[in-house]
Amino acid sequence: MSSDSSEPKQQGVHWRQLLLLVMGLILIALGIMWQFKLPPFASQLPRENAIMVIAPYQHQGTWVFDDSSAGLVQEPFVAGVPEMIDVIVADIPNADEGFRLIFSAKPFPEYQKKLIWLRGDSGGNYYRFEDSEMEGWICPAMFKYYKTAPLELYVKAEPKG
């Protein structure tokens, strides 16, 4: 029996082409995830917002804050920063229960204080208020917000809500 060339040949699965297609789709999906900072490690990358907000509150006698998007829970302010916070919240009733702290590496309208970088130390950085000698150490958690320590920080405290 001879084969008839008019009959269609049954196409086999082209595994190599299918594998290349799947790999290409995976690479495209990873690129989209990276662009929108969706991979699990993306939350550890510094943010690129111009202005950021945290909500410090008093816990066990010091100022702390939570930021779930940065993986921080009851992150304490230490080494002079609690005293600096006391100055900027002096006019906020019940600030110890929580307030909004707006901060940026660039000036923004109605900022309260400008902090000037002094030096790095122990993985963190010392800053002082521009208008006084009051200084404090900002811990390495700052690098959840900035790739490098800004030479200036601008801050404003305001009531929650």
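Before reading on, note that the structure itself is shown above.
Residues numbered from 1 in each chain as written. Predicted model: local features only at pLDDT ≥ 70, side-chain atom pairs only at ≥ 80, totals over all residues. Heavy atoms only, no water.

Some words on the packing of aromatic side chains
- The tally for this structure, following the rule as stated, stands at 6 aromatic pairs.
- Between phenylalanine 103 and tyrosine 146, the ring centres sit 6.3 Å apart and the planes meet at 65°, which makes this aromatic pair edge-to-face. Placement of the pair is phenylalanine 103 in strand 5 (residues 99-104) and tyrosine 146 in the loop between strand 8 (135-138) and strand 9 (152-159), with a sequence separation of 43 residues.
- Exposure remark for phenylalanine 103: the relative accessible area of 11% places this residue in the buried category.
- Between tyrosine 111 and tyrosine 154 the ring centres are 4.8 Å apart and the planes differ by 75°, which places this aromatic pair in the edge-to-face class. Here the residue tyrosine 111 occupies a position in the loop between strand 5 and strand 6 (113-121), and tyrosine 154 occupies one in strand 9, the gap between them amounting to 43 residues.
- Members of the aromatic cluster, connected to one another through ring pairs, are Phe103, Tyr145 and Tyr146.
- The side chain of lysine 113 reaches across the aromatic face of phenylalanine 129, ending 4.8 Å from its centre.
- Across the ring face of tyrosine 126, the terminal group of arginine 119 is positioned such that the distance to the ring centre comes to 4.2 Å. (Phe/Tyr/Trp six-rings, centres within 6.5 Å; stacked < 30°, edge-to-face > 60°. Helix = DSSP H or I, 4+ residues; strand = E, 2+ residues; numbered from the N terminus. Buried < 20%, exposed > 50% of the residue type's maximum accessible area, 1.4 Å probe, protein only. Lys NZ or Arg CZ within 6 Å of the ring centre and 35° of its normal.)

Quick notes on the environment of glutamate 152
- As for its position among the elements, glutamate 152 is in strand 9.
- Setting aside chain neighbours within four positions, we find glutamate 152 in contact with Ser104, Ala105, Lys114, Leu115 and Ile116.
- Among the polar contacts made by the side chain of glutamate 152, one reaches the side chain of tyrosine 154 at a distance of 2.8 Å. (Contact = heavy atoms within 4.5 Å. Polar contact = N/O pair within 3.5 Å; in protein donor to acceptor, adjacent residues only side chain to side chain.)

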